[in-house]
Amino acid sequence: ESPNSDGMTPELEKAGLLNKTKIAEGGRKLRKNWNPSWVVLVGNSLMFFKDPKTQNSDSWKPGNSCPESSVDLRGAQLQWANELSSKKNVFKLRTVTGNEFLLQSDTDSLIREWYSTILKVIDRLDKE
Ligand code: I3S
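Residues numbered from 1 in each chain as written. Predicted model: local features only at pLDDT ≥ 70, side-chain atom pairs only at ≥ 80, totals over all residues. Heavy atoms only, no water.

**Side note on the site of the ligand**
- Lining the immediate environment of the ligand, one finds Arg31, Lys32, Trp34, Ser85, Ser86 and Lys87.
- Between Arg31 and the ligand, the recorded distance is 2.8 Å, taken from a side-chain N or O atom to an oxygen atom.
- At 2.7 Å from an oxygen atom of the ligand is found a side-chain nitrogen or oxygen belonging to Lys32.
- When the ligand is considered free in solution it has 510 Å² of accessible area, and contact with the protein chains removes 47% of it. (Near = heavy atom within 4 Å. Polar contact = N/O pair within 3.5 Å; in protein donor to acceptor, adjacent residues only side chain to side chain. Areas by Shrake-Rupley, 256 points an atom, 1.4 Å probe, with all protein chains shown as cover.)

**Topic: the pairing of strand 4 (residues 45-50)**
- Relative to strand 4, strand 3 (residues 35-42) runs antiparallel, the two sharing 6 bridges. What sits directly across from Val39, in strand 4, is Phe48.
- In sequence, strand 3 turns back onto strand 4 through a hairpin of 2 residues, with Gly43 there showing a positive phi of about 55°.
- Two elements, strand 4 and strand 5 (residues 69-72), share 4 bridges in a ladder whose sense is antiparallel. Within strand 5, the residue paired with Leu46 across the bridge is Val71. (Pairing = 2+ DSSP bridges. Helix = DSSP H or I, 4+ residues; strand = E, 2+ residues; numbered from the N terminus.)

**Concerning the confidence of the model for the protein**
- Across the protein, the average pLDDT comes to 88, with 83% of residues at 70 or higher.
- Interface confidence in the predicted complex, given as ipTM, is 0.88; pTM for the same model is 0.87. (pLDDT = per-residue confidence, 0-100.)

**Quick notes on the environment of Pro67**
- Position of Pro67 among the secondary structure elements: in the loop between strand 4 and strand 5.
- Sequence separation of Pro67 and Gly27 is 40 residues, and the distance between their C-alpha atoms is 22 Å.
- In this view, Pro67 contacts Met47, Phe48 and Phe49; residues no more than four positions away in its chain are not counted. (Contact = heavy atoms within 4.5 Å.)

**Concerning the side chain of Gln104**
- Tracing the chain through its elements places Gln104 in strand 8 (residues 100-104).
- A distance of 2.9 Å separates a polar atom in the side chain of Gln104 from a polar atom in the side chain of Asp106.

Take a look at the structure:
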């Protein structure tokens, strides 16, 4: 029996390094501040951890530390948003609470995978 087969512990869907900036909080616009972030998609939540390269030890690993922030994907909206940045491969995630994040990677295949994986979770939650 796998540790996740009890139906209580959400499955890890995806994890990886993306560039992130928050651009709105509760509908209020924020100044951009791009930073690398270790992004983990588990169950209905997208969690952001500090870039592992900027800290020592394994403290960034899920389970070993709290995420810097966590996003509930229920009712969230996802869209490509290349017009919102001079960077390529940018999408915007908006939560029901009006928090908005831009996520970006220079690697085309990687950002497309993230986009479709997050969209799949949002669509699944919409149908519940
Ligand atoms: O959309 P903006 O305001 O042109 O975003 C850029 C700025 O946030 C800039 O910082 P300051 O103007 O606060 O120094 C950032 O360094 C840039 O990365 C932002 O633009 P991009 O196009 O990289 O999202």
